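Chain residues, written in single-letter form:
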Amino acid sequence: MSIEKFSVEKVLSVHRWTHNLFSFTMTRPAHFKFTAGQFARIGLMVEGELVVRAYSVVSSPFDETLEFFSIVVPDGAFTSNLQHLKVGDELYLEKISYGYLTLARYQQPLPQDLWLLGTGTGLAPFLSMLQDFETWNKYQQINLVYSVRTESELAYVERIQEIADLFGEGHTGFKFIPIITRDPNAALHDRLPVLIGNGELEKAAGLSFNRDGSHVMLCGNPQMVEDTKEALKQRGLIMNRRGEGNIAVENYW
Ligand SMILES: Cc1cc2nc3c(=O)[nH]c(=O)nc-3n(C[C@H](O)[C@H](O)[C@H](O)COP(=O)(O)OP(=O)(O)OC[C@H]3O[C@@H](n4cnc5c(N)ncnc54)[C@H](O)[C@@H]3O)c2cc1C
């Protein structure tokens, strides 16, 4: 991999949510442009070799710094090193951004309601979209559905509220719907495909999926993405291809 494709950036802050989840911010070079929902490729020098991984940008396209939300995979080549990140450390950032999990990909149906369905760190691209006023202007109803295993993994809950207050000021159609799969006492605790199949997700949102107006984005665990996609198809929604259709997905591995 050619090192010229990267710029060297500095870590500005690190926030640890749990032993295996953390967020960090870093400097943003002027040349690094992205659309909400896209991902960056971040590199770390490990024993003299550049190890690179894809990371959805959490920040808004208008922010001066870049924020990311990361898992720690115990033996992962990248995150077992990244977890020790400190303020002032250097990270490599590929100069261009990537990805098609953006609202611009939808041409038909016209936007009515937006469903953002993420597992774990798959929340990241949706935080970026929610920090873009255009998202709030486009949709009458926005449902952010965030599935985790335990309550302690529900990161960003206060920020989500702050973002909704600031960017969605005056917007009456926002719902944050957490799912905690290992907590039988949580209001919603089944896997997403089950909650779609039995209608509980729509009940919690107070809205039904609608082939003529729903834009549904899925991000995170590939098994969740696959099974949820099937559950949505059963409800009459279709995959978005060449601008047309309801469902857009991004797999993290
Ligand atoms: C388009 C895209 C965007 C991504 N955005 C993010 C992001 O914003 N935040 C993030 O943490 N990761 C993200 N990832 C995953 C990321 O690129 C790495 O896989 C992750 O950082 C682990 O790297 P690793 O080398 O430690 O382990 P890897 O060797 O890359 O992965 C080892 C195993 O860890 C598990 N795993 C990998 N990523 C995750 C994850 N995010 N959550 C739970 N389990 C995981 C899988 O079982 C995988 O097989 C993204 C991946 C893609 C393709």
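If you're wondering where the values come from, they're calculated on a predicted model, not measured in any experiment. (Residues numbered from 1 in each chain as written. Predicted model: local features only at pLDDT ≥ 70, side-chain atom pairs only at ≥ 80, totals over all residues. Heavy atoms only, no water.)

S.K.: Account for the pattern of salt bridges, naming residues and giving values.
M.R.: Oppositely charged side chains may form a pair once their charged atoms are brought near each other. Within the structure shown, the criterion is met by 9 salt bridges. Between glutamate 67 and arginine 159 there is a salt bridge, and its shortest N-O distance comes to 3.3 Å. In this pair, glutamate 67 is assigned in strand β5 (residues 65–71) and arginine 159 in helix α4 (residues 157–167), connecting sequence segments 92 residues apart. Of the residues examined, glutamate 67 reaches a relative accessible area of 12% and is grouped as buried. For arginine 159, a relative accessible area of 25% translates into the label partly exposed. (Salt bridge = Lys/Arg side-chain N within 4 Å of Asp/Glu carboxyl O. Helix = DSSP H or I, 4+ residues; strand = E, 2+ residues; numbered from the N terminus. Buried < 20%, exposed > 50% of the residue type's maximum accessible area, 1.4 Å probe, protein only.)

S.K.: Hey, could you go over the sheet that holds strand β7 (residues 113–119) for me, with residue numbers and the actual values?
M.R.: Read across the sheet, 5 strands follow the order β9-β8-β7-β10-β11 without closing on themselves; strand pairing throughout is parallel. For this open sheet the edge positions go to β9 (174–180) and β11 (247–251), each flanked by a neighbour on one side alone. Going across the sheet, the axis of each strand differs from the next one's by a mean of 10°, ignoring polarity. Relative to β9, strand β8 (residues 141–148) runs parallel, the two being bridged by 7 bridges. Pairing of valine 148 across the sheet is with isoleucine 180, part of β9. Of the strands in this sheet, β8 and β9 touch α4, which is tilted by about 170° from β9. Contacts from helix α7 (residues 222–234) reach β7, β10 (214–220) and β11 within the one sheet, and its direction differs from that of β10 by about 160°. (Pairing = 2+ DSSP bridges. Axes fitted to C-alpha atoms, helices over the stretch in contact; angles between N-to-C directions. Contact = heavy atoms within 4.5 Å.)

S.K.: For the domain arrangement of the protein chain, give the residues involved together with the corresponding values.
M.R.: Splitting the protein chain by domain gives domain 1 (3–98) and domain 2 (103–251). Between the C-alpha centres of domain 1 and domain 2 there is a distance of 24 Å. Contact with domain 1, which involves 22 residues of that partner, is made by 18 residues of domain 2. Roughly 1500 Å² is buried in total at the junction of domain 1 and domain 2, and carbon and sulfur atoms are behind 60% of that figure. Taken as a group, Trp17, Val58 and Phe69 account for 34% of the area that domain 1 buries against domain 2, more than any other trio of residues on that side. Seen at the junction of domain 1 and domain 2, the total is 1 salt bridge. One can count 6 residue pairs in polar contact (both at pLDDT 80 or more) joining domain 1 with domain 2. Listing elements by their share of the side of domain 1 that touches domain 2, those giving two or more residues are β1 (6–18), β2 (21–27) and β5. Residue contributions to the side of domain 1 that touches domain 2 peak at 5 residues, all from β5. (Domains from an automatic or database assignment. Buried area = accessible area lost by both parts, 1.4 Å probe. Polar contact = N/O pair within 3.5 Å; in protein donor to acceptor, adjacent residues only side chain to side chain.)

S.K.: Could you give me a rundown of the UniProt feature "domain: FAD-binding FR-type" (unreviewed entry) in the protein chain, with the residues and numbers involved?
M.R.: Per the UniProt record, "domain: FAD-binding FR-type" (unreviewed entry) is found at residues 4–104. Segment residues 4–104 splits into 4% helix and 48% strand. End C-alpha atoms: 30 Å apart. (UniProt positions renumbered as here; feature names shortened; annotations may be inferred.)

S.K.: Go over the environment of proline 193, please, and point to the residues and values.
M.R.: You can see proline 193 is positioned in helix α5 (residues 192–197). Sequence separation between proline 193 and glutamate 226 is 33 residues; the distance between their C-alpha atoms is 9.2 Å. With residues up to four places along the chain from it excluded, the contact list for proline 193 reads Asp227, Thr228 and Ala231.

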